[in-house]
Amino acid sequence: MKKRKALLLAGVLTGVITASAVLSGCGAAGEELSSAEASAGEESDVSATDNENSEAAASASGESAEDSGGQDSDSGEGNSDESADAAFLRLTADLDTSGLPHYEKDAWGDFPSIDGSTATLPLSYALFRLCTGATEAEAKANIYHTTTNNCYYSLVGDGSENKLDLAYEPSQDVLDYLNSQEDQTFTMTPIGRDALVFMENRSNPVNNLSEEQIVDIYSGKIRNWSRVGGNDAEIRAFQREQGSGSQAMMDKLVMKGETMAAAPSYEQISGMGELLEAVSNYDNSGNAIGYSVYFYTSRMNNLANLKLISVDGVYPDNDTIQDGSYPYVNDFYATISDSCVGTDARKIYDWLLTEDGQELLQLLGYVPVKKTNLTTDEEVPSDVKTIEDGPGSLSLGEDNVLILDRSSLFGDENSIMVTDSDFQEIRRIPDVTLAGTDGSAAIKLADSKEPCILYDTSAKARGLMDLESGEWILDPEYDDIIRRSSI
């Protein structure tokens with residue numbers, strides 16, 4: 001078998017940025033660069049070694065990629081960020097939790113049954129942690145939500161005396177079912193405010209739609225983006241299934257009795273995450289649109305290709321949702337059976353309506369239904385935060401671009417997208433990936449003027465590519481290309 005060479009490379013400006021860091025707008029380009037990756041400003045120098053010597057060449061370059069990231073995330077100069085658990089404890093330390101029930105670890109099984117919508121999971125996790133002292137991982141192992149409509153059904157019948165729902169408004173048939181119970185009544189109280197938001201692929205030039213245009217799109221009257229100021233392309237309007245919380249909001253707030261056009265099965269999505277992925281991934285042609293709730297879209301997903309759009313010129317954010325200037329605002333609720341007198345579920349329900357309960361919602365990134373005295377803008381870290389308030393962009397630095405590996409991010413094709421700081425696609429390069437070039441990064445910061453190491457999926461080898469032309473500078477015939485800061 002023919003042995004390929006391993007290439008020893010110095011002075012190429014590149015770097016790895018994690019998907020969540022990029023999309024949350026992390027500072028200047030290069031904040032996340034690994035010291036073993038590259039050194040800017042040094043002259044390029046390339047030499048070749050046989051494959052047997054590639055390990056020695058890597059050793060000569062200094063630290064490995066795995067070893068160069070600094071110290072542990074909880075300590076040391078390499079990363080001063082505190083852990084998510086430490087941040088939660090610090091930011092909630094001033095809350096008065098005396099009205100909540102408290103449990104030792106061996107009594108965690110006595111914690112009330114809390115169910116709800118997908119978007120209220122962070123709230124349920126936080127309540128469990130405040131009552132038990134659990135870590136985030138332990139809370140996730142003990143709390144499960146069955147989604148909006150299903151959680152309301154669980155309030156009926158045996159065991160409901162210690163159950164609490166934290167959920168968005170259910171569909172009318174579920175409300176009718178709850179109201180039909182002859183021996184049981186329920187109290188549903190608003191605790192927070194959210195909104196139905198519409199999202200597109202970032203490559204779509206349309207940034208605003210009117211309420212009338214949205215209705216016309218989803219009723220089938222408008223079928224081409226050119227009718228609303230976009231490209232001459234068919235609109236693929238993804239929908240949620242009937243019975244979901246998002247669909248209930250769509251029917252109530254947007255369609256208001258207007259019949260939605262029937263969607264093909266592949267355009268009717270059962271989960272919020274699946275819908276966001278479908279809109280983000282669809283052909284990357286920018287002709288898909290979908291909807292979900294603001295909190296889930298802005299705080300609980302990590303999709304690079306999504307952008308939120310304004311409605312009647314108002315962009316959805318915490319302020320426009322709080323003051324109601326964004327048109328599709330709706331409350332979400334704490335719901336409890338009236339038989340829950342004196343139970344721990346009732347104590348949690350009552351606490352959520354206090355000043356401290358409302359401050360917890362604000363700290364988690366929700367919009368509380370009542371204005372609080374909390375003035376800090378700092379929030380408890382979420383798993384991922386990917387869409388900031390406003391369309392936004394990144395400051396990448398002169399000549400820098402982002403490379404998005406579609407295979408790693410979406411699993412749909414072997415290709416890379418080269419984008420600018422607004423995530424607008426500059427170039428698509430097929431049949432290449434970042435695989436194995438920088439710790440199998442999904443997103444990479446690169447200098448468009450410098451050669452970039454890429455993996456050719458047909459040749460099954462690595463080469464150097466000119467990102468501006470999309471042409472190989474060195475053909476892909478190397479097993480390894482190893483970067484050094486100096487030679």
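The rules we used
- Sequence order sets the numbering: in each chain, residues are counted from 1 along the sequence as written.
- With pLDDT at 70 or above as the cut-off, local features in this predicted model cover only qualifying residues; side-chain atom pairs require 80 or more to be listed or tallied, and sums for whole chains, interfaces and linings still use all residues.
- The side-chain quantities take in all heavy atoms of the structure and omit both hydrogens and water.
- Only DSSP runs of H or I with at least four residues qualify as helices, and only runs of E with at least two residues qualify as strands; both kinds are numbered from the N terminus onward.
- Burial classes follow relative accessibility: with a 1.4 Å probe on protein chains only, a residue under 20% of its type's maximum area counts as buried, one over 50% as exposed, and anything between as partly exposed.
- The contact criterion used throughout is that any non-hydrogen atoms of two residues lie within 4.5 Å.
- Using a 1.4 Å probe, the Shrake-Rupley method yields the accessible areas, and only the shown protein chains count as cover for residues.
- Note on definitions: salt bridges are taken to be side-chain nitrogens of Lys or Arg within 4 Å of carboxyl oxygens of Asp or Glu.
- One confidence number per residue, pLDDT, is output by the predictor and ranges from 0 to 100.
- N or O atoms closer than or at 3.5 Å make up a polar contact, with two conditions inside protein: a donor-capable atom paired with an acceptor-capable one, and, for residues adjacent in sequence, both atoms drawn from side chains.
- Geometry of aromatic contacts follows a simple scheme: Phe, Tyr and Trp rings, the Trp one being its six-membered ring, pair when their centres are within 6.5 Å, and the pair is stacked under 30 degrees between planes, edge-to-face over 60, tilted otherwise.
- In this description, a line fitted to the C-alpha atoms serves as the axis of each element, helices being fitted only across the stretch in contact, and the angle between N-to-C directions of two axes falls anywhere from 0 to 180 degrees.
- Here roughly perpendicular refers to angles of 65 to 115 degrees, roughly parallel to angles under 35, roughly antiparallel to angles over 145, and oblique to all remaining angles.
- The crossing is said to be left-handed when, going from far helix to near helix, the turn is anticlockwise and less than a right angle, and right-handed when the turn is clockwise.
- Residues are grouped as follows: nonpolar covers Ala, Val, Leu, Ile, Met, Phe, Trp, Tyr, Cys and Pro; charged covers Asp, Glu, Lys and Arg; every other residue, Gly included, is treated as polar.

The helix and strand tally for the protein chain stands at 15 helices and 23 strands. Buried positions account for 52% of the 487 residues belonging to the protein chain. Of the contacts formed within the protein chain by residues at least 6 apart in sequence, a portion of 70% connects residues at least 24 apart. In the form shown here, the protein chain has an accessible surface area of approximately 21400 Å², with 43% of it arising from carbon and sulfur atoms.

Looking now at the pattern of salt bridges. Once the charged atoms of two side chains with opposite charge are near each other, the side chains can pair. Here the structure, examined in full by the defined rule, presents 11 salt bridges. The partner of Glu200 in a salt bridge is Lys307, and the shortest N-O contact between them spans 3.9 Å. Placement of Glu200 in strand 6 (residues 186-201) and of Lys307 in strand 12 (residues 306-308) is noted, with a sequence separation of 107 residues between them. Under the relative-accessibility criterion, Glu200 is labelled buried at 0%. In this structure, Lys221 and Glu258 form a salt bridge, with 3.4 Å as the shortest nitrogen-oxygen distance. Remark: Glu258 occurs in the loop between helix 9 (245-255) and strand 10 (268-269) and Lys221 occurs in the loop between helix 8 (211-219) and strand 8 (236-237); sequence separation between them is 37 residues. Residue Lys221 is classed as exposed on the basis of its relative accessible area, which comes to 52%. For Glu258, a relative accessible area of 34% gives the class partly exposed.

Take unusual backbone geometry next. The backbone phi angle of Lys256 is positive, close to 50°, even though this residue is not glycine. Mapping Lys256 onto the fold places it in the loop between helix 9 and strand 10. Backbone geometry places Asp431, a non-glycine residue, at a positive phi of 65°. Among the structural elements, Asp431 can be located in the loop between strand 18 (425-430) and strand 19 (432-433).

As a further point, take the side chain of Ser160. If you trace the backbone, Ser160 turns up in the loop between helix 6 (148-153) and strand 5 (163-168). Residue classification places Ser160 among the buried positions, given a relative accessible area of 4%. The residues contacting Ser160, other than those within four sequence positions of it, are Leu155, Gln184, Ser337, Ser339 and Cys340.

Moving on to the confidence of the model for the protein chain. The share of residues in the protein chain with pLDDT of 70 or more is 69%, and the mean pLDDT across the chain is 75. Per-residue pLDDT stays below 50 along residues 10-80; that stretch engages in 137 contacts with residues further than four places along the chain or on separate chains. When the criterion is pLDDT under 50, residues 265-271 qualifies, and its contacts beyond four places in sequence or with other chains add up to 20 contacts.

Our focus in this paragraph is helix 9. Along an α-helix, residues three or four apart share an orientation, since each turn contains 3.6 residues. Most of helix 9 sits inside the fold, with 9 of its 11 residues counted as buried. Here helix 9 has its buried residues at Gly245, Ser246, Gln247, Ala248, Met249, Met250, Leu253, Val254 and Met255. Positive backbone phi, at 50°, marks Lys256, one or two positions downstream of helix 9.

Locating Leu164 in the fold gives a position in strand 5. In sequence terms Leu164 and Tyr349 are 185 residues apart; their C-alpha atoms lie 7.3 Å from each other. Apart from residues lying up to four places away in sequence, Leu164 is in contact with Ser113, Ile114, Asp115, Ala334, Thr335, Ile336, Ala345, Ile348 and Tyr349.

Lys307 gets classed as buried once you look at its relative accessible area, which sits at 10%. Polar side-chain contacts of Lys307 include one of 3.4 Å to the backbone oxygen of Val206.

Moving on: the packing of aromatic side chains. If you walk through the whole model with that rule in mind, you get 12 aromatic pairs. Ring geometry for Phe198 versus Tyr218: centroids 6.1 Å apart, planes at 50°, classification tilted. With Phe198 in strand 6 and Tyr218 in helix 8, this pair connects stretches of sequence that are 20 residues apart. Centroid distance Tyr218 to Tyr291: 5.4 Å. Interplanar angle 70°. Geometry classified as edge-to-face.

Helix 13 (residues 344-352) packs onto helix 4 (residues 121-132) with a crossing angle of 110° between their chain directions and a minimal axis gap of 12 Å. As summarised for this structure, helix 4 and helix 13 are arranged roughly perpendicular, according to the angle between their axes. For the pair helix 4 and helix 13, the crossing hand works out as right-handed. Note on element contacts: helix 13 touches helix 4 through Ile348, Trp351 and Leu352, opposite Leu123, Leu127, Leu130 and Cys131. Tallied by class, residues from the contact of helix 4 with helix 13 come to 7 nonpolar, no polar and no charged.

Before going further, it helps to spend a moment on the packing of helix 8 against helix 9. Across the interface, helix 8 lies against helix 9 with an axial gap of 10 Å and an inter-helix angle of 130°. Taken together, the axis directions place helix 8 and helix 9 in an arrangement best described as oblique. Seen from helix 8, the contacting residues are Ile214, Val215, Tyr218 and Ser219; seen from helix 9, they are Met250, Val254 and Met255. Taken together, the residues of the contact of helix 8 with helix 9 sort by class into 6 nonpolar, 1 polar and no charged.

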